[in-house]
Amino acid sequence: MGLLKENKFKNPQDRAIWNTPENAFDWSWPKVPRHQFLSEKEKAYDFNGDSLLIPLDISNVLKTSYMATTPSILARYIKINSEKKLSHILRTSGEIYYVLEGKGFSKNENEIIEWSKGDVFCFSGGKETEHSSIADNSILFLVTNEPLLNFEQLSPSNNNSNILPSHWPHEKTASFLEERYKRPKTKETSGVAVLFSTEETLPSRNTIPSINTSINTLEAGGDQRPHRHNGVAITLAIEGEKVYSMIEDQKIDWKNGVAQITPAAELHSHHNRGSKRMISFVVQDEGLHWYLRTTGFSWD
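Residues numbered from 1 in each chain as written. Predicted model: local features only at pLDDT ≥ 70, side-chain atom pairs only at ≥ 80, totals over all residues. Heavy atoms only, no water.

## Comments concerning the overall build of the chain
Across its full length, the chain holds six helices and 19 strands. Here the chain has a C-alpha radius of gyration of 21 Å; the compact-globule value for 300 residues is 19 Å, and the two agree. Considering only C-alpha atoms, the chain reaches an extent of 75 × 50 × 40 Å along its principal axes. The contacts of the chain with a sequence gap of at least 6 include a subset with a gap of at least 24, amounting to 72%. Surface exposure of the chain reaches about 16,200 Å², of which carbon and sulfur atoms provide 51%. Looking at charge distribution, the chain has the averaged site of its 34 positive side-chain charges lying 2 Å from that of its 38 negative ones. (Helix = DSSP H or I, 4+ residues; strand = E, 2+ residues; numbered from the N terminus. Rg over C-alpha atoms; globule rule 2.2 N^0.38 Å. Contact = heavy atoms within 4.5 Å. Areas by Shrake-Rupley, 256 points an atom, 1.4 Å probe, with all protein chains shown as cover. Lys, Arg positive; Asp, Glu negative; His and termini not counted. Charge placed at Lys NZ, Arg CZ, Asp CG, Glu CD.)

## Some words on the sheet that holds strand 18 (residues 268–272)
Hydrogen bonding along the main chain pairs the strands of a sheet, whether they run parallel or antiparallel. In space, the three strands of this open sheet follow the order 16-15-18, with antiparallel pairing throughout. Every interior strand has two partners, whereas the edge strands, strand 16 (250–253) and strand 18, have only one. This sheet shows a mean twist of 20 degrees between the axes of neighbouring strands, independent of strand direction. (Pairing = 2+ DSSP bridges. Axes fitted to C-alpha atoms, helices over the stretch in contact; angles between N-to-C directions.)

## Let's talk about the confidence of the model for the chain
Detail in the predicted coordinates should be disregarded across regions flagged by low pLDDT. With 97% of its residues at a pLDDT of at least 70, the chain reaches an overall mean of 93. Confidence over residues 1–5 falls short of pLDDT 50; this stretch has zero contacts with residues more than four positions distant or in other chains. (pLDDT = per-residue confidence, 0-100.)

## Observations regarding the environment of Gly 240
Within the fold, Gly 240 resides in the loop between strand 14 (233–239) and strand 15 (243–247). Each C-alpha atom, one on Gly 240 and one on Arg 273, is 9.4 Å from the other, the two residues being 33 residues apart in sequence. Discounting residues that sit within four places of it in the chain, Gly 240 has contacts with Trp 254 and Asn 256.

## Some remarks on the sheet that holds strand 6 (residues 103–108)
Pairing is antiparallel across the open sheet formed by four strands, whose spatial order is 4-9-6-7. Lying at the two open borders of the sheet, with one neighbouring strand each, are strand 4 (86–89) and strand 7 (111–116). On average, each strand axis in the sheet is tilted by 20 degrees relative to the strand beside it, whichever way the strands run. Relative to strand 7, strand 6 runs antiparallel, the two being bridged by six bridges. Across the sheet, Lys 103 pairs through a bridge with Ser 116, a residue of strand 7.

## A closer look at the packing of aromatic side chains
This model, assessed by the stated rule, comprises 11 aromatic pairs. Look at Tyr 97 and Phe 123: their rings are 6.4 Å apart centre to centre, the planes differ by 75 degrees, and that puts the pair in the edge-to-face class. With Tyr 97 in strand 5 (residues 94–101) and Phe 123 in strand 8 (residues 120–124), the pair connects residues that are 26 residues apart, well separated along the chain. A relative accessible area of 0% places Tyr 97 in the buried class. A residue is classified by how much of its surface remains accessible, and Phe 123, at 0% relative accessible area, is buried. Through a chain of ring-to-ring contacts, the aromatic side chains of Tyr 77, Tyr 98, Phe 141 and Phe 281 assemble into a single cluster. Across from the ring centre of Tyr 45, 4.9 Å away, lies the NZ or CZ of Lys 41, which sits over that ring. The ring centre of Trp 299 lies 4.0 Å from the NZ or CZ of Arg 225, which sits over that ring. (Phe/Tyr/Trp six-rings, centres within 6.5 Å; stacked < 30°, edge-to-face > 60°. Buried < 20%, exposed > 50% of the residue type's maximum accessible area, 1.4 Å probe, protein only. Lys NZ or Arg CZ within 6 Å of the ring centre and 35° of its normal.)

## Overview of the pairing of strand 18
Counting buried positions along strand 18 gives five out of five residues, so the element sits mostly inside the fold. Alternating residues of strand 18 divide into His 268, His 270 and Asn 272 and Ser 269 and His 271, and every residue in both groups is buried.

## Overview of the pairing of strand 14
Along strand 14, six of the seven residues are buried, which leaves the element largely enclosed by surrounding structure. With four bridges connecting them, strand 14 and strand 17 (residues 259–262) associate as antiparallel partners. Paired with Ala 233 across the bridge in strand 17 is Thr 262. The sheet contact formed by strand 14 and strand 19 (residues 278–284) spans six bridges and is antiparallel. Each bridged residue has a counterpart across the sheet, and for Ile 234 the counterpart in strand 19 is Val 283.

## Regarding unusual backbone geometry
As a rule of thumb, non-glycine residues mostly have phi less than zero, and peptide bonds are mostly trans rather than cis. Here the bond from Leu 202 into Pro 203 is cis, since omega is 10 degrees, no more than 30 degrees from zero. Structurally, Pro 203 is set in the loop between strand 12 (192–195) and strand 13 (212–218). Although it is not a glycine, Glu 248 sits at a positive phi angle of roughly 55 degrees. Look at Glu 248 and you get partly exposed, because its relative accessible area is 37%. Backbone geometry at Arg 293 places phi at a positive 65 degrees, although glycine is not the residue there. As for its placement among the helices and strands, Arg 293 is situated in the segment after helix 6 (286–292).

## Some details on the side chain of Arg 180
Along the chain, Arg 180 falls in helix 5 (residues 170–181). The buried charged residue Arg 180 lacks any salt bridge partner; its closest oppositely charged side chain belongs to Glu 219, at an N-O distance of 9.3 Å. Sequence-distant contacts of Arg 180, defined by excluding residues within four places in its chain, comprise Thr 189, Gly 191, Val 192 and Ala 193. (Salt bridge = Lys/Arg side-chain N within 4 Å of Asp/Glu carboxyl O.)

Written out as structure tokens, the structure reads:
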């Protein structure tokens, strides 16, 4: 037995496994659940504590050995107070941020981005990023593709030319949205939204190659037509008074500041019964599906 163990590490054939199932597709990882991250939001908005990274981690459900919000995306709240900076180095090819609250600046090596509420910005991953808040308290919402790199056991490149420091200020985003609202809706309109991308990610509309992000909106009293797609969605409610989603046959009421998961391929729609426009920051792994030609979008 001792000799066999020794050979197992010396002979590559000893590691080989042959699988011969009757149906090779009759296996899967655990399903991605519908989920709202309520306690994580409360922790992020508790301004009595220190600056903190708060992962939206359901690896116990997904059965991964690494943190994950979805199989390819990890989201976090970042709580920063004016008394203490916060820094991190993440195993990701890119870092995408939405500013939920406050005002401050972030530094990634020699690049500095000054941000305020409603801004979106991006850095390449694998380097130290340091966040400072000018306001008493600030909250960032961060998304990365860490699970994808962990799944492949990869390390980020320090020379990633596809992901460069980028900044989409809130004022310009709001201006593009207002122009979008002037266009008449058609039966093909899936939503009134602005997607965030750069020249480096062309011809796609992705923020980083595997992740697309957007600000999605819905007018007061409006309904977004039921649809489905193969990309999983993380929806962060920014303005969600009397807004709810229907995911298959389940009604999910929105709560401002709370992120929720819409699983891939499930029929879903959004409904605004409030007096204000619904606004959300949406994160999807549809970037992967665009590349694979498997978006799977349909109205039913």
